[in-house]
Structures are given as structure tokens and as C-alpha cells.
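A look at the structure
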Amino acid sequence: MIKAKKQFAIPALLFMAVGALLVASCAGLDTRTLLAPAEIDVPSLYQLAPHDMPIGVAVPAGKARNSLLKSPERQVLVNQHFSQITAENIMKPSYLHPAANRFFFADADALVDYAASHGKTVHGHTLVWHYGLPAWIVEFKGDAVAWSGLMASHITGIVAHFADEDVVVSWDVLNEVIADVDEDRDGTNDLRRSVWLDNIGTGYLAAAYRAAHAADPDAELYYNDYHIAGTPAKLNAVLDMVGEFQSDPDPVPIHGIAFQMHVRLDWPDIKQIKASFARAAATGLKIKISELDMSVNTDRRGRRGSMKALSVAVAVQQQKRIEQIISAYLDEIPEAQRGGISVWGIADADSWQRTESPDEWPLLFDDEFKPKPALQGLANGLARRR
Ligand code: XIL
């Protein structure tokens, strides 16, 4: 995707002597051209993490053309920089539970084995979601009791399968159950419509955690959602739900809140991010950054920009902002509550953002698996180097 531009004009060469960064941004050069890997000095991200907090990455696996298990380039980076793995797709309901009476674990087991043999843990993603469901669940006909039974056996079958070894250490039990709208305008977003809500009612929320906890009492159970660092009304809904779980006479076994953090260069504001982390930390639960990536060519309203290559100037802005976000996390989340930080993909070319737009560069490594300034940003944030 990124094309190195080799045709330097003579004036540009002169400028380079004065200030390489400035010239690079004017000429629209990519990160490989001027920010040589030598300037990026990160031997290993996870070794910089304070108190061994997990540093994770979402990986393609299974039948994906870019599967980690078939890709030596990706393996090198994963082994070097990350202590935890999340399956980008293959541990979602449609993959693990393709038919009512059949689970499919072969691909996930291969990934979990890979993690175990490389000394890494796995964050399980995800058990209950409105999306990524197999057709048989979407089409299931039954009353609330039958639906509750379906959900419980779905969760139990999956969590119990991975419970024995200490590799899958945590799960996103509920994923994205809060809507992006606040129809009654009470300052708190609504619950998202889904087959679970429609067929079981609000009781499905707590029941999901109870089923997961019964199947693996050692696993840390998270709630995972997007845009909660920048949308107070959405975070309000998450915190209300968590508050209800905690104040239940028989407290619901939830251990953490995961901020996906699909952020943009200009959104959310860093003050807003800090405030959101602080509010979530006040629950006493663990807080995880679960799916960090940063679009650089999409604005706060979701409008696409006109960038066709990642300029050094923008790559450096991305670096600085990633560093700020990591610092905010470390500042606001007490050590005992840090569930760790995971990025949503290895190299830019793999990013799910590329399926929406070819002109995005959201991750830590470029299309050729070379480190980007973003990697240095994450490292500096972790090491608290300024
Ligand atoms: C995305 C994957 O990255 C894509 O490959 C897939 O097509 C759709 O799902 N929030 C989540 C993740 O919880 O599961 C999503 O992953 C990204 C948004």
C-alpha cells in the first residue's frame, strides 16, 4: 500500500539537510523512507510493561490467508513484542459454535497451543454478541426459557473447553451490548437490540457472567465495548450495568471493563479519555485496553480524509497520541486494576480498518512488517519515557 517515493527533487534534498521530518511531511513520504527502523528502538514491547501487565495483539488465524500460524513474519513480531494473544475472529460464536449440537475447536486449539508453547496467554473473544452469530442461533425459535438454555450451553461449552489449562486467562463475556443511541435522552444510552435481549430480556446480561464463571471460576470476565472512552452517555450505560451487577445481593461475577479504543487522531480528546478511565477505575474492576488502533485518515465525525500515503508528520502525530493514551491509562488505572493493553492487529495491511478504507494506517507495523513510530509511542508510554 505504502509506496516509497524515490524521486527526490533537488530542493527537497537541500531541505532534508535542514530538517528531515519537515521535508518528509511536505513531500508525503512514507515512514520507511525517512524514519528508518534505527530511529525506532523497541527491542520488546511486553518487556517494558510495568509489573508484567499483559501486552496483547489480535491475530488472524484458522483459515485466514494471513493466519499467524502460516506467517513467519507475523510470528517474529508476535513473539518479540506481545505476551498475550486475542483471536481476531476464530473464537467468535459463528466459528466456535457452528451448529446447535456441534462446537468447532480445532483452529482455536491450534492458536491456543501456539500461545502456550510461546509462553503467552490468550484473552478469549467473545461469547455473547449481537453480531458474528451462527445462522442457527439467529434463526432459533423458542421461548425465554429455551433461549436462556441455549445461551447457557453456548457459554458453558466454550468456556469449559478452554478452562483446564492456564492459557485462556480471560474472556469478553458480553460484547457491545450498549447501543450508540439514547432514545429517551436521559443521558444514558439504551441497551442494544439483539436476539439475546429480544428473546431473554435484560436477565441475559447477568446470566451470561454466571454461566461463564461456573464453567471456569479462574477466568477473568470482562465487559467489552467501543467508543466508551469518548461517549459519556455510552459509558454511563456500562457503569449502570456494572453497578447493578455489583449491588446484586448475589453479586454478578464480572472482573473487568475492556475499552476497545478504536480511536482517531482527533477523537476522543485526551481529557475525555482520562476522565473515562478514571470513572471506570472507580468501579474497582480491572480495566483493559482491548482493541487499540488509531485511524489517521478519518475525522471525529467519521468522514474520510484525502491522505494517500502515511506522511512522517502524521506518523509522528500518531506516535505522540498513542504515547499520551498509554500514559493516561497508567496514570488513571491503579496497578492492581490494570488488565493490560492489546492492539487490534499486527501490521497495517491486516487491519480491519483497511476493509473500510485502503487509506488507513492504524497499527504499530507497516505493510512490510517494519516498525512505525506508533510502536515507539506505545513503548515510550509504557516505559514512561518522555
Ligand atoms: C472485527 C474483525 O477485526 C474483522 O476481521 C471482522 O470482519 C469483524 O470483526 N469490535 C470487536 C471485534 O469486538 O470483534 C471486531 O473485530 C472489531 C470491533
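Model, not experiment: these values are computed from the prediction.

Parameters at a glance
Residues numbered from 1 in each chain as written. Predicted model: local features only at pLDDT ≥ 70, side-chain atom pairs only at ≥ 80, totals over all residues. Heavy atoms only, no water. Helix = DSSP H or I, 4+ residues; strand = E, 2+ residues; numbered from the N terminus. Buried < 20%, exposed > 50% of the residue type's maximum accessible area, 1.4 Å probe, protein only. Contact = heavy atoms within 4.5 Å. Expected span 1.5 Å × (residues − 1). Axes fitted to C-alpha atoms, helices over the stretch in contact; angles between N-to-C directions. Parallel < 35°, antiparallel > 145°, perpendicular 65-115°, else oblique. Left-handed = near helix turned anticlockwise from the far one by under 90°. Nonpolar A, V, L, I, M, F, W, Y, C, P; charged D, E, K, R; others polar. Polar contact = N/O pair within 3.5 Å; in protein donor to acceptor, adjacent residues only side chain to side chain. Pairing = 2+ DSSP bridges. Right-handed = clockwise from strand over helix to strand, strands pointing away. Near = heavy atom within 4 Å. Patch = residues over 30% accessible without salt bridge, like charges linked within 9 Å, V, L, I, M, F, W, Y side chains within 5 Å. Areas by Shrake-Rupley, 256 points an atom, 1.4 Å probe, with all protein chains shown as cover. Salt bridge = Lys/Arg side-chain N within 4 Å of Asp/Glu carboxyl O. Lys, Arg positive; Asp, Glu negative; His and termini not counted. Charge placed at Lys NZ, Arg CZ, Asp CG, Glu CD.

Section: the overall build of the chain
Check the secondary structure of the chain and you find 15 helices and nine strands. Put simply, the chain has 386 residues, and 56% of those count as buried. Residue pairs at least 24 apart in sequence account for 78% of intrachain contacts in the chain once pairs closer than 6 positions are excluded.

Points about helix α10 (residues 203-215)
Under the 1.5 Å per step criterion, the end-to-end length of α10 is 19 Å for 13 residues, consistent within 8% with the ideal 18 Å. Along α10, the residues classified as buried are Tyr-204, Leu-205, Ala-206, Ala-208, Tyr-209, Ala-211, Ala-212 and Ala-215. Tucked into the core, α10 has its buried residues touching β3 (121-128), α8 (144-161), β4 (168-175), α9 (195-200), β5 (220-225) and α11 (232-247).

A closer look at the packing of helix α13 (residues 312-332) against helix α15 (residues 373-383)
The interhelical angle for the contact between α13 and α15, taken along N-to-C directions, is 25°, at an axis separation of 7 Å. Comparing the axis directions of α13 and α15 gives the class roughly parallel. Our pair here, α13 against α15, has a crossing hand that is right-handed. Packed against α13, whose contacting residues are Ala-315, Gln-318, Gln-319, Ile-322, Glu-323, Ile-326, Ser-327 and Leu-330, the element α15 presents Pro-373, Ala-374, Gln-376, Gly-377, Leu-378, Asn-380, Gly-381 and Leu-382 at the interface. Its residues placed into classes, the contact of α13 with α15 shows eight nonpolar, seven polar and one charged.

Description of the side chain of Asp-225
With respect to the helices and strands, Asp-225 occurs in strand β5. For Asp-225, a relative accessible area of 0% puts it in the buried group. There is a polar contact of 3.4 Å between the side chain of Asp-225 and the side chain of Lys-234. If we ignore the near neighbours within four places in the chain, the residues touching Asp-225 are Glu-176, Val-177, Ile-178, Lys-234, Ala-258, Phe-259 and Gln-260.

Some words on the pairing of strand β8 (residues 286-295)
Burial analysis of β8 places nine of its 10 residues in the buried class, which makes it a mostly covered element. Sheet topology note: the strand β6 (residues 256-259)/β8 ladder contains four bridges and is parallel. For Ile-257, the partnering residue across the bridge sits in β8 and is Ile-287. The sheet contact formed by strand β7 (residues 262-264) and β8 spans three bridges and is parallel. Opposite Arg-264, over in β8, you have Ser-295 as the bridge partner. In this view, the connection linking β7 to its parallel neighbour β8 by way of helix α12 (residues 270-281) has right-handed handedness. One ladder, built from four bridges, connects β8 with strand β9 (residues 338-343); its direction is parallel.

Regarding the site of the ligand
If you check the shell around the ligand, you find 13 residues, and the closest are Glu-88, Asn-89, Lys-92, His-125 and Glu-291. One nitrogen or oxygen atom from the side chain of Glu-88 is found 2.5 Å from an oxygen atom belonging to the ligand. Here an oxygen atom of the ligand and a side-chain polar atom of Glu-291 are 2.9 Å apart. In the shell around the ligand, the residues fall into three nonpolar, six polar and four charged.

Quick word on the pairing of β6
Strand residues, when the strand is regular, have side chains that alternate between the two faces of the sheet. On β6, burial covers both faces: Gly-256 and Ala-258 on one face and Ile-257 and Phe-259 on the other are all buried. For the crossover that starts at β5, traverses α11 and ends in the parallel β6, the hand is right-handed.

With respect to a negative patch on the surface
A contiguous patch of negative charge, built from Asp-113, Asp-164, Glu-165, Asp-166 and Asp-218, is present on the exposed surface. Locating Asp-164 in the fold gives a position in the loop between α8 and β4. Under the relative-accessibility criterion, Asp-164 is labelled exposed at 74%.

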